[in-house]
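# Structural overview for review
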Amino acid sequence: MENIFDIKTKEGFLAACLETFRFQYENVEIYRKFVDYLNVKPETVKEINQIPFLPIEMFKNHQILNKNVSTDLFFQSSGTTQMNLSKHFIADENIYQESIYKSFEQFIGKPEDFIFLGLLPSYLEKQNSSLIYMVDFLMKKSGKPENGYFLYNHEDLFELLNELKDKKVILFGVSFALLDFLDFCDLNSKILKFSDTLTVIETGGMKGRKEEMTKDELLEILQEGFKTDKIYSEYSMTELLSQAYSLGKNEYQCPNWMRILIRNVEDPFSYEKEGKTGAINIIDLANIHSCSFIATQDLGKIDGDKFQVLGRIDHSDIRGCSLLVS
């Protein structure tokens, strides 16, 4: 488990999964109770699809944490004050930081090469956001003096973007805030002057702030508004320490220590074939001290080594990092 970031093969991933499963069964009380409730004997688990996946809702009512560690650091999901919000307790910040760095490096490039801007108002206004922690970490690695966040000061963001038009810039933005910014530019006849040096990474999230649209429609609007084809997406959540990235077309790829499985919506113990839509199960081996096997409420499908996120299962909670319904 200590070498999850060095996984290169399917065999290595399987071995790490089985080792992690047995470790978490022994050391994470809630997960052990869940596995026992399903009457699964750890010694009989030999394949990934035999591993029980913990429902993500368990993070709302239980502390999912290795009994041998203690920590005051936790991330909390976004939502309204009326919601019972998930908490993910973090025993080892170094693991999260390494996951952030290596995921970004694998799909985008070295953080040191970029200026990072954040248009993440709904997250900046709340505490304990894993997304803000991630962007903060990337900014620190970048070390560029221009790095910074923006709430609703669209004029300042527009001016800075044009000042940086010849530099490599990453703009992380929640979907509704990116659209608000483009509306501001349109209403005020402001034109961005970037060439191919701007990359926009949208993190999902409409939360009733904008009219719902498909992911393809969103990407098309962002490409036209920001004058760049580099409209990427990031997929993660409070309960994960790893991130998947899409470099376009709503097709995501996982880092080597993370995998997606598609379960049958009506039978959580069976899995769909490639190309068929179902609910997303996530293996995140960076979750060493919590739970690496999580059954989410997102819908998706797998195509080769990529996957798509297609919305949410009916009646599930609205989440800040869930993507738009297709």
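As shown above, the structure is provided for reference.
The following paragraphs examine the structure supplied in this document. The structure presented is a predicted model; accordingly, all values stated were derived computationally and were not measured.

The next subject is the nonpolar core. Tyr31, Phe104, Leu117, Phe172, Phe181 and Phe226 are the most contacted members of the largest nonpolar core, which has 103 residues in total. Discounting residues that sit within four places of it in the chain, Phe104 has contacts with Gly109, Lys110, Pro111, Phe114, Phe116, Leu138, Ile170, Phe172, Ile201 and Tyr245.

Before going further, it helps to spend a moment on the environment of Leu131. With respect to the element layout, Leu131 can be found in helix α6 (residues 130–142). Each C-alpha atom, one on Leu131 and one on Ser236, is 8.5 Å from the other, the two residues being 105 residues apart in sequence.

A positive phi is found at Asn128, a non-glycine position, where the angle reads about 65°. Structurally, Asn128 is set in the loop between α5 (121–124) and α6. The partly exposed category is assigned to Asn128, whose relative accessible area is 30%. Of note in the backbone geometry, Lys249 takes a positive phi value of approximately 65° without being a glycine. Considering the arrangement of structural elements, one finds Lys249 in the loop between β9 (244–246) and β10 (252–253).

In this section: the pattern of salt bridges. Per the counting criterion, the structure on display carries ten salt bridges. Salt-bridge contacts for Glu146 lead to Lys167; the nearest nitrogen and oxygen are separated by 3.3 Å. Of the two residues, Glu146 is situated in the loop between α6 and β5 (148–150) and Lys167 in the loop between α7 (154–163) and β6 (169–173); the sequence distance between them amounts to 21 residues. According to the relative accessible area criterion, Glu146 is partly exposed, its value standing at 22%. Classification of Lys167 as partly exposed rests on a relative accessible area of 40%.

Procedures and definitions
- Residues numbered from 1 in each chain as written.
- Predicted model: local features only at pLDDT ≥ 70, side-chain atom pairs only at ≥ 80, totals over all residues.
- Heavy atoms only, no water.
- Core = buried A, V, L, I, M, F, W, Y, C linked by side-chain atoms within 4.5 Å.
- Buried < 20%, exposed > 50% of the residue type's maximum accessible area, 1.4 Å probe, protein only.
- Contact = heavy atoms within 4.5 Å.
- Helix = DSSP H or I, 4+ residues; strand = E, 2+ residues; numbered from the N terminus.
- Salt bridge = Lys/Arg side-chain N within 4 Å of Asp/Glu carboxyl O.

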